[in-house]
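# Summary of the model geometry
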Amino acid sequence: MHKLRNRLIRTGLAALLALGGLATSQAVTAQAADNPYERGPAPTQSSIEASRGSYAVSQTTVSSLSVSGFGGGTIYYPTSTADGTFGAVAISPGYTAYQSSIAWLGPRLASQGFVVFTIDTNTTLDQPDSRGRQLLAALDYLTQTSSVRTRIDTTRLGVMGHSMGGGGTLEAAKSRPSLQAAIPLTGWNTDKTWPEIQTPTLVVGADGDTVAPVATHSEPFYTSLPSSLDKAYLELRGATHFTPNSSNTTIAKYSISWLKRFIDNDTRYEQFLCPLPSASLTIAEYRGNCPHTS
């Protein structure tokens with residue numbers, strides 16, 4: 001009788017454990033199903049500050065002779081296809097500059113699980129409205145014609161840019177509301193108000209910027225965005241207009257978090273954006289609306 005009772009107990013425990021394992025498995029599956037865009041391991045402070053993420057990166061050059069609407073560029077992308085498709089970001093340089101000035105962002109963002117296109121503009125003197133159109137032309141090429149088009153989720157796209165490329169980022173977001181994220185870096189534009197933008201936007205300014213001072217560029221850009229929009233304003237401390245032209249951990253960590261949160265809809269990165277980051281040795285000011293709802 002004791003043996004039978006013990007056997008029944010063991011059988012019951014085994015069934016409970018099996019059910020527990022099944023429940024855990026179902027929970028994990030349900031979580032994955034809740035967000036099919038999530039890519040890469042759970043983030044940490046060190047992982048978003050690292051010079052490289054978890055994905056190995058390849059790159060390919062796009063000649064200006066093979067495209068129209070922009071000046072060619074370089075595509076950086078995760079080498080593996082095991083995780084399926086990725087979101088994509090096009091990045092424009094600023095006035096008189098070439099893609100080399102923002103090239104550091106290519107492998108850094110791609111290694112976190114994005115296809116990244118750093119572009120050259122048709123001419124180095126192109127104005128923000130033109131740069132905005134060129135960013136969109138670059139995204140269209142990337143998703144429709146490029147050699148990596150099958151690696152991209154065409155519904156998960158964003159734009160970034162430096163200086164007039166930052167102004168162009170705002171122009172692109174205004175023109176194409178379906179974009180999932182926009183990040184102007186020390187942006188410059190004669191248009192200071194952007195109430196039409198529907199794309200989650202992270203505006204990055206620099207406290208020492210004398211080319212596009214925050215008081216007349218980044219701050220008005222940010223405050224003019226709709227109050228209902230997922231938006232943030234990051235002002236770099238001890239920085240200049242040209243700080244985004246070199247590898248910068250603060251720019252990278254918040255850009256990665258913003259792109260992950262809104263292109264990948266990955267709420268694991270919400271922790272780095274909300275509560276709002278405090279002023280620090282590298283941050284003069286950070287504003288935003290929390291919690292994010294997109």
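Right above here is the structure, for reference.
Figured I'd write up the structure that's included with this text. Quick caveat, the model's predicted, so the values are computed rather than measured.

## Observations concerning the pattern of salt bridges
Per the counting criterion, the structure on display carries nine salt bridges. The residue Arg261 makes a salt bridge to Glu270 at a minimum N-O spacing of 2.7 Å. With respect to burial, Arg261 and Glu270 carry one shared label: buried. A single salt-bridge network, built from bridges that share partners, covers Glu38, Asp266 and Arg268.

## Quick look at unusual backbone geometry
A cis geometry characterises the amide bond from Cys274 onward to Pro275, with omega recorded as -5 degrees. Examined against the element boundaries, Pro275 turns out to sit in the loop between helix H7 (249-262) and strand S9 (283-288). At the junction of Cys290 and Pro291, the peptide bond is cis and its omega measures out at -5 degrees in the coordinates. Within the fold, Pro291 resides in the segment after S9. With a phi angle near 65 degrees, Thr96 is a residue other than glycine that sits in the positive phi range. Residue placement: Thr96 occurs in the loop between strand S3 (86-92) and helix H3 (105-110). Judged by its relative accessible area of 47%, Thr96 falls in the partly exposed class. One non-glycine residue, Thr186, adopts positive backbone phi at about 40 degrees. Within the element layout of this structure, Thr186 appears in the loop between strand S6 (181-185) and strand S7 (201-206).

## Section: the packing of aromatic side chains
In the structure shown here, the tally under the stated rule is eight aromatic pairs. An angle of 50 degrees between the planes, with centres 4.6 Å apart, marks the rings of Trp258 and Phe262 as tilted. Note that Trp258 and Phe262 are positioned in helix H7 at a spacing of four residues, about one turn of the helix. Given the relative accessible area of 3%, Phe262 is considered buried. Members of the aromatic cluster, joined through ring pairs, are Phe70, Phe117 and Tyr141. Taking NZ or CZ as reference, Lys260 lies 5.1 Å from the ring centre of Phe114, over its face. Residue placement shows Arg261 over the ring face of Phe262; its charged tip is 5.0 Å from the ring centre.

Cut-offs and rules
Residues numbered from 1 in each chain as written. Predicted model: local features only at pLDDT ≥ 70, side-chain atom pairs only at ≥ 80, totals over all residues. Heavy atoms only, no water. Salt bridge = Lys/Arg side-chain N within 4 Å of Asp/Glu carboxyl O. Buried < 20%, exposed > 50% of the residue type's maximum accessible area, 1.4 Å probe, protein only. Helix = DSSP H or I, 4+ residues; strand = E, 2+ residues; numbered from the N terminus. Phe/Tyr/Trp six-rings, centres within 6.5 Å; stacked < 30°, edge-to-face > 60°. Lys NZ or Arg CZ within 6 Å of the ring centre and 35° of its normal.

So far we have only geometry, and geometry alone does not tell us how the molecule works.
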